[in-house]
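# Coordinate analysis (summary)
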Amino acid sequence: MKRKTRLALIATYPTMAEIFVDITKNRPDLEARSIYASFDRAAQIAGEMERSGEADVILSRGATAAQIQSAVDLPVIFIPITPFDVIQVVRRFDPSVRRIALIHYMKHVPGVQEIAKMYKLEIAEYSFFSQQDIEAAVYDAYRKGIRTIVGGEVSVRVAKSMGIQGFQVSAGREAVERAVEEALTLLAEKRKERNKAVQMKAAYDSLKEGIVVIDEEKRIVVMNPVAEELLDRKYKLGDRAGADVISDRYWQQCQAGKECTVYLRKIKKATYGVAHTPVTRKNRFIGVVTRIEDVTRTQELEQRIRNEMHLKGFAAKYRFEDIVTGDPAMKRLLTQARVYARTDSSVLIEGES
């Protein structure tokens with residue numbers, strides 16, 4: 001049974017969690033959960049979720065999402081504030097409000113100044129990266145005579161502590177839906193990449209020849225079991241390849257874009273054919289594929305192929321049973337032919353045809 005995709009929302013205010021729950025509740029392919037937290041506490045919770053395997057991807061907003069992203073290796077999807085979300089707040093203002101401060105994580109919310117013109121407002125924008133930045137922004141706005149703050153929950157709380165009005169701008173349903181779909185698309189792509197990597201590894205591992213792939217810095221990115229055995233498992237992925245993988249001479253040749261044709265090398269008292277092929281992307285050198293093949297095995301394979309082709313060339317088109325005759329002389333000839341057929345020796349057949 002296919003495992004459900006695990007989505008986790010770390011919401012910075014309750015409404016976001018309500019929207020997320022409503023969007024995901026009728027999705028049987030999802031296992032969704034939401035937690036209410038922000039900043040350091042949110043990052044701590046995300047770390048716990050990563051360690052316990054409770055989430056495949058985490059959704060959050062603004063600086064909280066940024067802190068989560070720096071704390072975990074899981075994918076983090078940012079839920080943005082859109083111009084429409086700002087309009088939903090501004091349209092509720094008393095006509096006496098003419099100057100406001102918009103405090104948000106992004107350096108700039110698209111369309112804000114157009115909204116200001118539409119509603120005949122003066123909007124001062126402040127961006128933040130921490131809770132201290134929010135407090136500083138509110139104090140600066142207050143000092144400039146602004147008495148209406150628009151922002152997240154922390155901004156509103158700081159504003160109210162100073163005796164001025166604060167309005168919370170919330171990510172709307174559309175923004176949360178878009179973030180959920182982005183999360184699912186991202187996970188689908190990562191799953192494809194993961195499957196592709198597993199398939200490629202299986203292909204490399206199944207080869208009877210040794211394969212080593214190194215990047216442009218000579219670091220090993222792929223090494224199959226045959227190559228590991230031949231090189232005495234002295235390398236791990238990420239190690240720099242030595243001369244026993246590729247010499248400086250052949251490395252320079254590959255950097256110049258020239259394929260190094262097969263040459264013979266002694267490895268563990270046996271003779272191997274080694275070849276190096278440069279790897280390029282958009283005409284830029286990005287690494288080398290080294291192939292190491294047992295010459296003895298190649299010779300045996302070639303001999304077997306020659307033998308099979310030889311036998312195929314002399315395969316019988318008709319059998320004795322296909323010859324129908326009542327002639328006594330022909331019957332004696334068939335009896336004699338059956339005797340000759342039991343030997344592997346060459347038989348000379350003479351006659352007019």
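Refer to the structure above for everything that follows.
The paragraphs below set out a description of the structure included in this document.

Thresholds, definitions, all that
- Residues numbered from 1 in each chain as written.
- Predicted model: local features only at pLDDT ≥ 70, side-chain atom pairs only at ≥ 80, totals over all residues.
- Heavy atoms only, no water.
- Phe/Tyr/Trp six-rings, centres within 6.5 Å; stacked < 30°, edge-to-face > 60°.
- Helix = DSSP H or I, 4+ residues; strand = E, 2+ residues; numbered from the N terminus.
- Buried < 20%, exposed > 50% of the residue type's maximum accessible area, 1.4 Å probe, protein only.
- Lys NZ or Arg CZ within 6 Å of the ring centre and 35° of its normal.
- Contact = heavy atoms within 4.5 Å.
- 1 Å grid on protein atoms, 1.4 Å probe; cavity = no way out; pocket = protein on both sides within 12 Å on 5 of 7 lines; lining within 4 Å.
- Points joined across faces, edges and corners; volume = space filled by probe spheres on them.
- Nonpolar A, V, L, I, M, F, W, Y, C, P; charged D, E, K, R; others polar.
- Core = buried A, V, L, I, M, F, W, Y, C linked by side-chain atoms within 4.5 Å.
- Polar contact = N/O pair within 3.5 Å; in protein donor to acceptor, adjacent residues only side chain to side chain.

Under the criterion given, the structure shown has six aromatic pairs. Each ring, one from Tyr250 and one from Tyr263, has its centre 4.4 Å from the other, and the planes form 10°; the classification is stacked. In this pair, Tyr250 sits in helix α10 (residues 248–255) while Tyr263 sits in strand β11 (residues 260–267), placing the two residues 13 residues apart along the sequence. Classification of Tyr263 by relative accessible area gives buried; the value is 17%. Cluster of aromatic residues (ring-pair linked, three or more members): Phe78, Tyr105, Phe128 and Phe129. Sitting over the ring of Tyr142, Arg147 keeps its end group 3.8 Å from the ring centre.

What follows covers the environment of Val154. Along the chain, Val154 turns up in helix α7 (residues 153–161). Remark: the alpha-carbon pair of Val154 and Gly166, spanning 12 residues in sequence, is separated by 9.8 Å. With near-sequence residues (within four places) excluded, Val154 lies in contact with Phe39, Gln131 and Ile134.

Size it by volume and the second largest pocket reaches roughly 300 Å³. Breaking the lining of the second largest pocket down by element, the ones donating at least two residues are α3 (62–71), β5 (99–104) and α7. Taken together, the residues that form the lining of the second largest pocket break down as 13 nonpolar, seven polar and two charged.

Membership of the largest hydrophobic core comes to 39 residues, with the highest contact counts inside it found for Leu7, Leu59, Ile79 and Phe93. Mapped by element, the contributors of at least two residues to this core are β1 (5–11), α1 (14–24), β3 (57–60), α4 (83–90), β5, α5 (112–118) and α8 (173–206). Per-element tally for this core: the top contributor is α8, with seven residues. Setting aside residues no more than four positions away along its own chain, Phe93 makes contact with Ile100, Leu121, Thr148, Val150 and Phe167. Residues Ile214, Val245, Phe285 and Ile292 belong to the second largest nonpolar core, which totals 22 residues.

Okay, the environment of Ser161 next. Tracing the backbone through its elements, the reader meets Ser161 in helix α7. Only 2.5 Å separates the side chain of Ser161 from the backbone oxygen of Val158, close enough to count as a polar contact.

Any functional reading would require information beyond the geometric quantities listed.
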